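Structural overview for review
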Amino acid sequence: MEELCPKSELPQSVRVNGRFANPWPTWRKWTWCEAFKSLTEPNHSDIPNEEVLNQTLPILKPNFDFDESRISMSWIGHSTAVIHFDGITVLTDPIFSLRASMCQLIGPKRYRRAAATVDQLPHIDAVVISHNHYDHLDVGSVEALNARFGSHLYWLVPSGLKEWMKDVVGVTHNVIELEWWQSARIPSKPDIQFILTPAQHWTQRGLWDGMQVLWGSWTVVGPKHRFFFAGDTGYCPVFKQIGQMYGPFDLSAIPIGAYEPRWIMTPEHIDPEEAVQIHEDIRSKASVGIHWGTFVMAHEYYLEPPMKLKTALKDHNLDENEFIVISHGQTKSV
């Protein structure tokens, strides 16, 4: 077995002038001028009409009748998925709303609806939040989940989000806030360990709150299975360390979309090639591509991520069944 990383070598979250910062040289934040420049570049997303979408990106009715002996993931859309293993059901980065925005009148709009509503979900034990961007943390979705599950639901969030959960959406109970590499267990499922592992990204919801909240990936360890949720990230060396610390993983959810143009997106969003590299770094036995096929978040053709994923797997001499994409509402079991 590969030797674990010494804790002294693990990257810790750092603050610069009161704001969190990425500790890797692979990170660079774009300027506002660069952001506006990127908007002028050709957008090749080319979203077709509903009839074509129903053929190319069908939405299936989820089957939440999980096999208790396996680890399963049902993709709701974008980075939202229902994970079930070892007697626990976990929801990742919930967004069920029409738009990923501060209001439902403007901002990125879904071209594929969520495969299930909050009322159609199975019982959820815990929600893991990777960061506070609108396409990963949605006010209406959090309110709906809180209304349905109440005190039976636990929220695992990065440092700085607990206050937001209380003040903005009124979740005053069962919010567990963690720093990178910290772990927690919930009373209802004490044999399941949640670890906030690092990622290379950033946070912001308003004009002046950039980097005031931490971001990360999630490692969930049960007595029989291990699950990794990458959240939203650029590529950096930390994934090899996560693999050494907690791998191999039975199942992983890794983003494959929203990566063009590369000159601006590289530090914060991996492309399919880098997604395959993370799959190898963390020693994942099986991975599912997320963060694509739902919102237009970048400029690549809407069906390009799975095509490039297949090419990347071939380039890495990996079986194409190791890292797959599934339809909205479909379940992958291992």
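Only a predicted model underlies this, so the values are computations on that prediction, with no experimental measurement involved.

This part takes up the UniProt feature "binding site: an N-acyl-1,2-diacyl-sn-glycero-3-phosphoethanolamine" (unreviewed entry) in the chain. Cross-referencing UniProt, the feature "binding site: an N-acyl-1,2-diacyl-sn-glycero-3-phosphoethanolamine" (unreviewed entry) maps to Tyr 134 and His 269 in the present numbering. Among the annotated residues just listed, those that line the largest pocket are Tyr 134 and His 269. Looking at the secondary structure, you find Tyr 134 in the loop between β6 (126-128) and α3 (139-149). On the basis of relative accessible area, Tyr 134 is assigned to the buried category, the value being 19%. Apart from residues no more than four positions distant in its own chain, Tyr 134 is found in contact with Ile 95, Ala 100, Ser 101, Met 102 and Arg 205. As for its placement among the helices and strands, His 269 is situated in the loop between α6 (262-265) and α7 (272-281).

Turning next to empty space enclosed by the protein. In this structure the tally under the stated criterion is one cavity of 30 Å³ or more. The space that makes up the largest cavity amounts to roughly 140 Å³. Lining the largest cavity are 18 residues, with Tyr 111, Gly 293, Phe 295, Met 297 and Glu 300 positioned closest to its centre. Here the residues of the lining of the largest cavity are counted per class, giving 11 nonpolar, six polar and one charged.

Moving on to the pairing of strand β10 (residues 189-197). Alignment of strand β9 (residues 183-186) against β10, held across three bridges, turns out to be antiparallel. Counterpart to Ala 184 in the pairing with β10 is Phe 194. Counting the residues between successive antiparallel strands, the hairpin from β9 to β10 contains two residues.

What follows is about the pairing of strand β5 (residues 88-92). Within β5, five of the five residues are buried, which leaves the element mostly enclosed by the surrounding structure. Alternating positions in β5 separate into two faces, Ile 88, Val 90 and Thr 92 on one and Thr 89 and Leu 91 on the other, with burial throughout. Looking at chain direction, strand β4 (residues 80-85) and β5 are connected through five bridges and run antiparallel. Counterpart to Ile 83 in the pairing with β5 is Val 90. Counted along the chain from β4 to the antiparallel partner β5, the turn is two residues long, and its residue Asp 86 has a positive phi close to 50°.

Thresholds, definitions, all that
Residues numbered from 1 in each chain as written. Predicted model: local features only at pLDDT ≥ 70, side-chain atom pairs only at ≥ 80, totals over all residues. Heavy atoms only, no water. UniProt positions renumbered as here; feature names shortened; annotations may be inferred. 1 Å grid on protein atoms, 1.4 Å probe; cavity = no way out; pocket = protein on both sides within 12 Å on 5 of 7 lines; lining within 4 Å. Helix = DSSP H or I, 4+ residues; strand = E, 2+ residues; numbered from the N terminus. Buried < 20%, exposed > 50% of the residue type's maximum accessible area, 1.4 Å probe, protein only. Contact = heavy atoms within 4.5 Å. Points joined across faces, edges and corners; volume = space filled by probe spheres on them. Nonpolar A, V, L, I, M, F, W, Y, C, P; charged D, E, K, R; others polar. Pairing = 2+ DSSP bridges.

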